[in-house]
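Architecture at a glance
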Number of protein chains: 2
Amino acid sequence: MSQLDFTHDPAAQSWVVSANAAATDFPLQNLPYGLFRRAGSNEAARVGVAIGDQILDLQLAAAAGRWSSAEQVLLQALAHGDLNAFMAQSQARRRALRQALFLALQAGSKQEAALRPCLLAQAAAQMALPCRIGDYTDFYTGIHHATTVGKLFRPDNPLLPNYKWVPIGYHGRSSSIVVSGSTVRRPLGQLMAPGAEAPVQAASKRLDYELELGLFVAGGNALGEPIPMAEAEQHMFGVTLLNDWSARDMQGWEYQPLGPFLAKNFATTISPWIVTMEALEPFRTPFSHPPSDPQPLPYLDSPANRAAGGYEIELEVWLQTEAMRAQDLAPTRLMRSNFKHAYWTLAQMLTHHASNGCNLQPGDLLGTGTQSGPAAEEGGSLLELSNGGKQALSLPNGETRSFLQDGDTVILRGYAVKEGARRIGFGDCAGTITPAPRATAG
Amino acid sequence: MSQLDFTHDPAAQSWVVSANAAATDFPLQNLPYGLFRRAGSNEAARVGVAIGDQILDLQLAAAAGRWSSAEQVLLQALAHGDLNAFMAQSQARRRALRQALFLALQAGSKQEAALRPCLLAQAAAQMALPCRIGDYTDFYTGIHHATTVGKLFRPDNPLLPNYKWVPIGYHGRSSSIVVSGSTVRRPLGQLMAPGAEAPVQAASKRLDYELELGLFVAGGNALGEPIPMAEAEQHMFGVTLLNDWSARDMQGWEYQPLGPFLAKNFATTISPWIVTMEALEPFRTPFSHPPSDPQPLPYLDSPANRAAGGYEIELEVWLQTEAMRAQDLAPTRLMRSNFKHAYWTLAQMLTHHASNGCNLQPGDLLGTGTQSGPAAEEGGSLLELSNGGKQALSLPNGETRSFLQDGDTVILRGYAVKEGARRIGFGDCAGTITPAPRATAG
């Protein structure tokens, strides 16, 4: 925990007064990066930092503020909207810019007058994907999810023998990753009814969400050169919420033997603000597997990982149906969980991924897999909460849900809280389901 | 077959005399695109067209040749090394440029004097990846491969029930795709010996190749908008050879339940020249599933696909070991097969991929899966040829191979031949295995 510095002081306040509200996701201690333009404009997207209910426009701030020459160099890439170039910088440089931004936005800063015109209300901004995502990989670190879902797909064999040795992952689709607020069209797919002789192509009837975190890679590694655990943290940039939308009926029919494909790649939604590893530093927690479980192989083990490889991050799923919107009812919370239950750490995911020499690149995205808690009501997907669709959930307005219906809005929320630290949040990761297209003929 | 035009005339000859040799892969009727720079230089890579043993440098040719204004527009993107921008053009425009290049390079062309200085010997060029590959997907269309390998991994259940309904595919890794000639480092991975209590991290002992074709996407589709079969061909740009290097021991342990990951993503090699769909037009062939098999669902069926959805492309794997190189022995051929045996067509792969609304983008790469023929000696991988490693192959110099050894060079070759058409080829897709790094500790 030696990486704590003055930017983690829970008492620090900002001259942006909304950042001092107890409930804000974006206090001075957070300072996440995102890509935005003014809503309704055709401006080129540029990088900003969320502060309270405002965005500090780094294009304007680079010009208006007073910065050291080293800070100016870092701000230039960001001013041009190239977050990937900043992600590729060393951990020390990224930390230095965080410190500079913290001091500039802190209450009493002499930069207030110069930077105040560089603020844009978040309500007036349209967010874009924060960076170019070259490759997207999804892991499977939620052992409670893996066990519960495993039971549904393979009643006799829920948790496979490799699970406690291998941080299981698979490649996802980069092109269909969208930012929070984008609609998600219900997919068409092959559905094979139980006992049927042939599948049909139809709209998925078992559309679901999955509650995940996404880790963005900072600097990469050369092809053929693994990243040892001791260096993994240097390659971690930050974290968003991630909704791995899933069509369960398509998944069950297509996934053998090569894994999920069309059941997943129609859309993946991420929250717009990347919360940096530096901001998450106070929420690290010791990590170990139960003594009765296999201990990690040497290449997945390190003293730092055991001491503080975990992160305590509260996670929630909220739902607002079309009827609820019409009735002016607020979203209802479906579940809560915490990332501390993950069976593998972010560092282990990253090191495992590169252990065969696979080259990671700045901006690559690593999903954690669905983060379900140990209790049945802590399932990170409807598949779990509805017991495979057999027990529909009752919503406060009398509706029920086994799977998602058109018009449903799913909102993931996340925040980190700890005694002695300032609470920080991730902002919403939201998506609304729109109807499927008609089935296509040849 | 209505798309044949004067560029397919088998009698046509080029003023580049090496293009008229019977054995060349690159006669005037081929004209594939690739990205190159002068070997040993730091030049920006630019697009060229292979002709005989030469490359027509399109940067120089755009300036030196006489072209219509429409052709100039198309050549400008290529001159700047941006093949993706050209791939996104309509089928009609891509065909128009092929016709213009054909006429310019044809024997008797008035452009000969202007274009002759735009040639570079292929032997003096260093090839790069031909375009930016946003997403890479690998299919599994080789039914003989799927059956043989299925028997090894699942003796009781070789070909799963979905195989004859779903063009099975999974996402691969884009960042580790390399061009022919790149070395491939043997990966470290978790190996679980039969009967062992725990896996160990060690260099793969069962390193293998897979013989595939790769389809490059031309124009893409918007997220949420499927591509019907009737439009699939417009979205197809061209084809390369593709070696999906595979570590069988890692694959067997890791692939359940989410599919191949580290066993595949350490490297994928493609041949440098993209042979366009226009060049492959004479080699199209009727396509159907056996009458006793399920017929394609309507969304995967079209009259054009039935009439000519297949492509007859001869495929070969050659091996040259380190000892063979030391003894000055030429590579030896391990097998032959033909893409006509594939169970699904290129158009079906593409339409299936987009059928759930997944957005394809220009330059995306779709592997066909391993193309094994029906006979045992036509296996497209060593796993098949050595019967799961149980029967080593004998090489002409007395060596044997069950799987690849360090120093082995694997070369994929492909060509299309047909009565009444000029033979065209793909050029080599070669890679040499280098030793694994030491196993990493934490």
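Residues numbered from 1 in each chain as written. Chains lettered and ligands numbered in written order. Predicted model: local features only at pLDDT ≥ 70, side-chain atom pairs only at ≥ 80, totals over all residues. Heavy atoms only, no water.

1. Quick look at the packing of helix H2 (residues 69-79) of chain A against helix H4 (residues 91-105) of chain A
For any two helices packed against each other, one specifies the crossing angle of their axes together with the interaxial distance. All names here are of chain A. At a minimum axis separation of 10 Å, H2 and H4 run at an interaxial angle of 95°. On the basis of the axis angle, H2 is roughly perpendicular to H4. Along the contact surface, H2 presents Glu71, Leu74, Leu75 and Leu78, while H4 presents Arg93, Leu97 and Ala100. Looking at side-chain class alone, the contact of H2 with H4 contains five nonpolar, no polar and two charged residues. (Axes fitted to C-alpha atoms, helices over the stretch in contact; angles between N-to-C directions. Helix = DSSP H or I, 4+ residues; strand = E, 2+ residues; numbered from the N terminus. Parallel < 35°, antiparallel > 145°, perpendicular 65-115°, else oblique. Contact = heavy atoms within 4.5 Å. Nonpolar A, V, L, I, M, F, W, Y, C, P; charged D, E, K, R; others polar.)

2. Focus on the pattern of salt bridges
Scanning all chains against the criterion turns up 47 salt bridges over all chains. A salt bridge links A:Glu281 to A:Arg284; the shortest N-O distance between them is 3.4 Å. The buried category is assigned to A:Arg284, whose relative accessible area is 7%. The salt bridge involving B:Glu210 is made with B:Arg248; its shortest N-O contact spans 2.8 Å. Of this pair, B:Glu210 sits in the loop between strand S12 (207-208) and strand S13 (211-217) while B:Arg248 sits in helix H8 (residues 248-254), and the two are 38 residues apart along the sequence. A residue is classified by how much of its surface remains accessible, and B:Glu210, at 4% relative accessible area, is buried. Through salt bridges with shared partners, a single ionic network connects A:Asp208, A:Glu210, A:Asp244, A:Arg248 and A:Lys264. (Salt bridge = Lys/Arg side-chain N within 4 Å of Asp/Glu carboxyl O. Buried < 20%, exposed > 50% of the residue type's maximum accessible area, 1.4 Å probe, protein only.)

3. Focus: the domain arrangement of chain A
Residues and elements named next belong to chain A. By the assigned domains, chain A splits into domain 1 (6-128) and domain 2 (136-434). One C-alpha centre belongs to domain 1, the other to domain 2, and the line joining them spans 28 Å. With 31 residues of domain 1 at the interface, the matching set in domain 2 holds 28 residues. With both chains or domains summed, domain 1 and domain 2 bury close to 2400 Å², and 60% of this area falls on carbon and sulfur atoms. Between Arg423 and Asp25 there is a salt bridge, with the nearest N and O atoms lying 3.3 Å from each other. (Domains from an automatic or database assignment. Buried area = accessible area lost by both parts, 1.4 Å probe.)

4. Here's the deal with the UniProt feature "binding site: substrate" (unreviewed entry) in chain A
Per the UniProt annotation, the sites labelled "binding site: substrate" (unreviewed entry) are A:Tyr140, A:Arg154, A:Gln251, A:Tyr255 and A:Thr370. Locating A:Tyr140 in the fold gives a position in the loop between strand S6 (136-139) and helix H6 (143-153). A:Tyr140 has contacts with A:His145, A:Ala146, A:Tyr163, A:Ile168, A:Thr368, A:Gly369, B:Pro257 and B:Leu258, leaving out every residue within four places of it along the chain. Within the secondary structure layout, A:Arg154 lies in the loop between H6 and strand S7 (169-171). A:Arg154 has contacts with A:Leu160, A:Tyr255 and B:Pro257, leaving out every residue within four places of it along the chain. A distance of 3.2 Å separates a polar side-chain atom of A:Arg154 from the backbone oxygen of A:Pro158. (UniProt positions renumbered as here; feature names shortened; annotations may be inferred. Polar contact = N/O pair within 3.5 Å; in protein donor to acceptor, adjacent residues only side chain to side chain.)

5. A short note on the UniProt feature "domain: Fumarylacetoacetase-like C-terminal" (unreviewed entry) in chain A
The UniProt record annotates "domain: Fumarylacetoacetase-like C-terminal" (unreviewed entry) at residues 163-431 of chain A. Helix makes up 14% of residues 163-431 of chain A and strand 29%, whereas the separation of the span's terminal C-alpha atoms amounts to 31 Å.

6. Side note on the side chain of A:Asn305
Residue and element names in this part refer to chain A. Tracing the sequence through the fold places Asn305 in helix H10 (residues 303-308). A relative accessible area of 3% places Asn305 in the buried class. Filtering out sequence-adjacent residues up to four positions away, Asn305 remains in contact with Met229, Phe287, Leu300, Thr345, Ala347 and Gln348.

7. Looking at the sheet that holds strand S1 (residues 33-38) of chain A
Residue and element names in this part refer to chain A. Spatial ordering of the open sheet is given by S4-S3-S2-S1-S5, a layout of five strands whose pairing is antiparallel. The outermost strands of the open sheet, each flanked by one partner alone, are strand S4 (119-121) and strand S5 (125-128). Between one strand axis and the next, the sheet turns through 50° on average, direction left out of account. One ladder, built from three bridges, connects strand S3 (residues 54-57) with S4; its direction is antiparallel. Each residue of the ladder has a partner; that of Gln54, found in S4, is Ala121. (Pairing = 2+ DSSP bridges.)

8. Thoughts on the sheet that holds strand S1 (residues 33-38) of chain B
Residues and elements named next belong to chain B. Reading across the sheet, the five strands line up as S4-S3-S2-S1-S5 and stay open at both edges, with antiparallel pairing between neighbours. Looking at the sheet topology across the chains shown, the edges are occupied by strand S4 (119-121) and strand S5 (125-128). The sheet shows a mean angle of 50° between the axes of neighbouring strands, taken without regard to direction. Here S1 pairs with strand S2 (residues 46-51) via four bridges, running antiparallel. Residue pairing for S2: Phe36 is matched across the bridge by Arg46.

9. Concerning the interface of chain B and chain A
On the side of chain A, 69 residues touch chain B, which itself brings 69 residues to the contact. Summed over both sides, the interface between chain B and chain A buries roughly 6000 Å², with carbon and sulfur atoms accounting for 60% of that surface. On the chain B side of the contact with chain A, B:Arg173, B:Leu258 and B:Phe261 bury the most area, a combined 13% of that side's loss. For the pair chain B and chain A, the interface holds six salt bridges. Taking the shortest distance from any N to any O, the salt bridge between B:Arg185 and A:Glu225 comes out at 3.2 Å. On the surface where chain B and chain A come into contact, there are 33 residue pairs in polar contact (both at pLDDT 80 or more). Taken together, the elements giving at least two residues each to the side of chain B that touches chain A come down to strand S6 (136-139), strand S7 (169-171), strand S10 (188-191), strand S11 (200-203), helix H7 (229-232), H8 and helix H12 (346-354) of chain B.

10. Some words on the relation of the copies chain B and chain A
Mapping between the two copies of the chain is achieved by a rotation about an axis and a shift along the axis. For the match of chain B to chain A, the screw axis carries a shift of 0.0 Å, the RMSD comes to 0.0 Å, and the turn is 180°. Here the symmetry operator amounts to a two-fold rotation axis. When C-alpha distances to the rotation axis are compared across chain B, the minimum falls at B:Gly259, with a value of 2.2 Å. Take the interface residues of chain B: 100% of them recur as interface residues in chain A, which is what a same-surface contact looks like. (Least-squares fit on C-alpha atoms with pLDDT ≥ 70 in both.)

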